[in-house]
Amino acid sequence: MKKAGFLLALICSLILTGYGAAARSEEENAVSVNFDDVATQSEPSEQYREYLAQNTQNMFTGEDGIESADAAVSYDEGTEQYSIELSLKTNGNVNSEKIEDYKTCLNKTYADVMLIIDGEVL
């Protein structure tokens, strides 16, 4: 009985300290942001910019027809808004309707969007 209680306490402790989340994140190749770290940094937007860039790249590389994605996110302190330059390399199977969907999706997150597909600025 004592062993079961100790094991339960250990599992709860690991979950509460984030150990379980860190292990799951590595398995899923996910990017995470520790908002406590962000709050104590001198430039809290830097880590969040990296998170946004990585998250956007992961989202688009999972799409049919997209071979690779490269994102650069910037932050304007005056407007407190994020902008993105997203370059996508496709296999040629991305139609104009999908491109418009990509733009719509990006415009919901970013104030300014530059979308480059196969070297062409759209």
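Residues numbered from 1 in each chain as written. Predicted model: local features only at pLDDT ≥ 70, side-chain atom pairs only at ≥ 80, totals over all residues. Heavy atoms only, no water.

## A word on the side chain of Ser83
Worth spelling out the cut-off: Secondary structure elements follow DSSP: runs of H or I no shorter than four residues count as helices, runs of E no shorter than two count as strands, and numbering proceeds from the N terminus. A 1.4 Å probe rolled over the protein chains alone gives each residue an accessible area, and that area as a share of the maximum for its type sets the label: buried under 20%, exposed over 50%, partly exposed in between. Residues are treated as being in contact if the distance between any of their heavy atoms lies within 4.5 Å.
The residue Ser83 is located in strand E2 (residues 81–90) in this model. The exposure class assigned to Ser83 is buried, which follows from its relative accessible area of 19%. With sequence-adjacent residues up to four places away left out, Ser83 is seen in contact with Ala72, Val73, Ser74, Tyr110 and Asp112.

## Quick word on the packing of aromatic side chains
Selection rule: Stacked, tilted and edge-to-face are the three classes applied to pairs of Phe, Tyr and Trp rings, where Trp contributes its six-membered ring and a pair requires centres within 6.5 Å; stacked means planes under 30 degrees apart, edge-to-face means over 60, and tilted covers the rest.
Inspection of the entire model under this criterion finds 4 aromatic pairs. Considering the side-chain rings of Phe60 and Tyr102, the 5.1 Å spacing of their centres and the 80° angle between planes classify their relative orientation as edge-to-face. Of the two residues, Phe60 sits in helix H4 (residues 44–61) while Tyr102 sits in helix H5 (residues 96–109), which places them 42 residues apart along the sequence. Each member of the pair Phe60 and Tyr102 is classed as buried. Residues Tyr75 and Tyr82 carry aromatic rings whose centres are separated by 4.7 Å and whose planes lie at 45° to one another, so their mutual orientation is tilted.

## Regarding the sheet that holds E2
Rule in force here: Strands were regarded as paired on the criterion that DSSP finds at least two bridges between them. Convention adopted: a line fitted to C-alpha atoms gives each axis, helices being fitted over their contacting stretch, and angles between N-to-C directions are expressed from 0 to 180 degrees.
Overall, mixed pairing links the 4 strands, which are arranged E1-E2-E3-E4 in an open sheet. Both outer strands of the open sheet, strand E1 (66–76) and strand E4 (120–121), are each paired with one neighbouring strand and no more. Relative to E2, E1 is paired through 10 bridges, and the arrangement is antiparallel. By the bridge assignment for E2, Ser74 is matched with Ser83. Across the sheet, H5 is in contact with E1, E2 and strand E3 (112–117); its angle to E3 comes to roughly 150°.

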